[in-house]
Amino acid sequence: MSRFYATTPIYYVNAEPHLGHAYTTIVGDALSRWHRLLGDEVLYLTGTDEHGLKIQQAADAAGLAPKDFADQIAPKFADAWQRLDIANDDFIRTTEERHRAAVRELLQRCYDAGDIELDTYRGKYCVACEEYFTEDELLEGSLCPVHKRPVDDFEEENYFFRLSRFEDRLLEHYRTHPNAIVPEFRANEALGLIRSGLRDFSVSRTSLSWGIPLPWDPAHVAYVWFDALTNYLAAVGFGDGTDRYQDWWPVNYHLIGKDIIRHHCVYWPAMLMSAGVELPRGWAVGGWLLVDGEKMAKSSGNVVTPLDLVDIVGVDGFRYYVLADTAYGNDGDFSYDGLVGRYNADLANNLGNLAARVATVVAKKCGGVGPAPSADSALAEIATAVVADTTRRWDEVAPHRALEATWSLIHAANSYLETHEPWKMEPGAAVDAVMGDALEALRLVTILASPALPGTAQVLWERLGMTGAVTDQRIGPDTEWGGYLGGVNVTKGDPLFPRIT
Ligand code: MSP
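Residues numbered from 1 in each chain as written. Predicted model: local features only at pLDDT ≥ 70, side-chain atom pairs only at ≥ 80, totals over all residues. Heavy atoms only, no water.

Caption draft 1: Representation of the packing of helix α14 (residues 429–449) against helix α15 (residues 454–463) within the structure. Two elements in contact, α14 and α15, have axes separated by 9 Å at closest approach and are oriented at 155 degrees. With respect to α15, the axis of α14 lies roughly antiparallel. Note on packing geometry: the crossing formed by α14 with α15 is left-handed. Taking contact as the criterion, the partners of Leu442, Arg443, Thr446 and Ile447 in α14 are, on α15, Ala457, Leu460 and Trp461. Looking at side-chain class alone, the contact of α14 with α15 contains 5 nonpolar, 1 polar and 1 charged residues. (Axes fitted to C-alpha atoms, helices over the stretch in contact; angles between N-to-C directions. Helix = DSSP H or I, 4+ residues; strand = E, 2+ residues; numbered from the N terminus. Parallel < 35°, antiparallel > 145°, perpendicular 65-115°, else oblique. Left-handed = near helix turned anticlockwise from the far one by under 90°. Contact = heavy atoms within 4.5 Å. Nonpolar A, V, L, I, M, F, W, Y, C, P; charged D, E, K, R; others polar.)

Put into structure tokens, the structure is as follows:
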């Protein structure tokens, strides 16, 4: 059995979970669920980033010690993910001992390799980014290019990671692994960052105590990005004195937003090379969900809370929207009308309608018992192509295309019914044949859509008369045409996705 390990960024605990965080987390969840359907053993990791100046300042403002502050916020992420039906296998907090051990191990390895050295840093620092900028990177008026806020002057003795030594090795790695970063245009962005020249980056602070002390010089704490990135190794046991982390490492995909390409696709692989750890197999880079053209962020004051949206369209309606509405990699524009429009079109009308109409006709014309499909159905060929296409699209980490492929089977089944009009037929073999085919198409759709709509898929699965969990189905053996055996009770139930007016 193969293993599939995927991660989300770990989220800063200075803000409560918002749509932007939910977006990356849902994509990773759906991708992981797809891999479970493929039969892979899956580890899906998320967590919280709790050290650094930004968190220290937020805690100060709340009048709390940083750890107490983090203890209040971290569970809000865990709860939000539970409400959104995120099946993460682990949740890592950077204040945990396993994480501290991993960070110390990685630092020590890079230090021993001679790639971490002491130097003095003078420059501009944006606390919101936890990142230094050069003068020419700043906007007019010395503003941070990301947050458009004033940066701070900083002068400090820091340890530096000699990133500049890794330029050729990084370029060589990406040259020999051309598909490591998806989508392709995001890979070009990473390559552009490397080609434009790599500056050493500081990996320690003395002006701050809220962090992990360097093993060889405890007057310094680790820079928050060095600390944070290591979570991906910490969760699989790196730093516990064994090689057990290699059971899961290298990770298959780091799911990240485009804002953190530099850290993940440049800093991180260089750190790993220095430490003698294998590089990630893949990075899947998403765009931002914009609200009125701006990145949603606490500092912009345009935060949309995912759980409020769930009240409108349900958990699966919300999951479907973020997966289907934005081409992963591109920016997406969030709007209420877009959310409701897509819900009504794809879920209430297409999927919901197909399910309701099939159950109604089976009740009226087949005595409520689902007939078996025919082997030579016109839908069979379409279904086989849809399974292959859906698989290919998930493999490319293109959920919007995967769902589009799956939905094409819904469209095909709906037009099949419209062509044959079984509701006008007399009960008998002809109607049974049509309904068996429609039920089989629905069975396949239910499996294929389950990574996006886990809750609804299970309900529909049972309404079709299928037993067990839809998540136990396997792409391949269970997605061949003809798996619906028939002779089982089909139930209609309440509308799966009531129309929103
Ligand atoms: N803590 C760091 C990541 C460390 S990973 C080793 C961090 N945290 S964050 O909470 O600010 O944001 C994490 C990620 O959430 C972003 O990089 C991005 O992937 C995602 N998003 C945050 N806001 C977003 C949108 N408005 N839209 C889409 N994703 C966004 O950066």
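Right, picking up where we left off after that structure.
Caption draft 2: Layout of the sheet that holds strand β15 (residues 289–291). The mixed open sheet is built from 3 strands, whose spatial order is β16-β15-β17. Only two strands of the sheet have a single partner each, and these edge strands are β16 (294–295) and β17 (332–333). Here β15 pairs with β17 via 2 bridges, running parallel. The partner of Leu290 across the bridge, within β17, is Asp333. (Pairing = 2+ DSSP bridges.)

Caption draft 3: Just the nonpolar core, in detail. By size, the foremost hydrophobic cluster in this structure holds 174 residues, and its most contacted members are Tyr5, Phe161, Trp249 and Phe318. Both domains that furnish three or more residues to this core are identified here as domain 1 (3–308) and domain 2 (336–489). Apart from the residues within four sequence positions on either side, Phe161 is in contact with Cys110, Asp115, Ile116, Phe166, Asp200, Phe201, Val203, Ala270, Met271 and Ser274. (Core = buried A, V, L, I, M, F, W, Y, C linked by side-chain atoms within 4.5 Å. Buried < 20%, exposed > 50% of the residue type's maximum accessible area, 1.4 Å probe, protein only. Domains from an automatic or database assignment.)

Caption draft 4: Local environment of the site of the ligand. Taken together, 25 residues lie around the ligand, and Ile10, Asp49, Gly257, Asp259 and Leu289 are the ones closest in. Within the side chain of Asp49, one N or O atom sits 2.7 Å away from a nitrogen atom of the ligand. With 4 residues, helix α1 (residues 19–37) is the largest single contributor of residues to the shell around the ligand. Considered class by class, the residues forming the shell around the ligand number 14 nonpolar, 8 polar and 3 charged. (Near = heavy atom within 4 Å. Polar contact = N/O pair within 3.5 Å; in protein donor to acceptor, adjacent residues only side chain to side chain.)

Caption draft 5: How the structure looks around the domain arrangement of the protein. Taken as a whole, the protein is organised into domain 1 (3–308) and domain 2 (336–489). Taken over C-alpha atoms, the centre of domain 1 sits 40 Å from the centre of domain 2. Contact with domain 1, which involves 13 residues of that partner, is made by 18 residues of domain 2. Of the roughly 1,300 Å² buried between domain 1 and domain 2, counting both surfaces, carbon and sulfur atoms make up 74%. By the criterion of area lost to domain 2, the three top residues of domain 1 are Arg33, Trp34 and Leu37, representing 51% of everything that side buries. The tally of links between domain 1 and domain 2 comes to 0 salt bridges. (Buried area = accessible area lost by both parts, 1.4 Å probe. Salt bridge = Lys/Arg side-chain N within 4 Å of Asp/Glu carboxyl O.)

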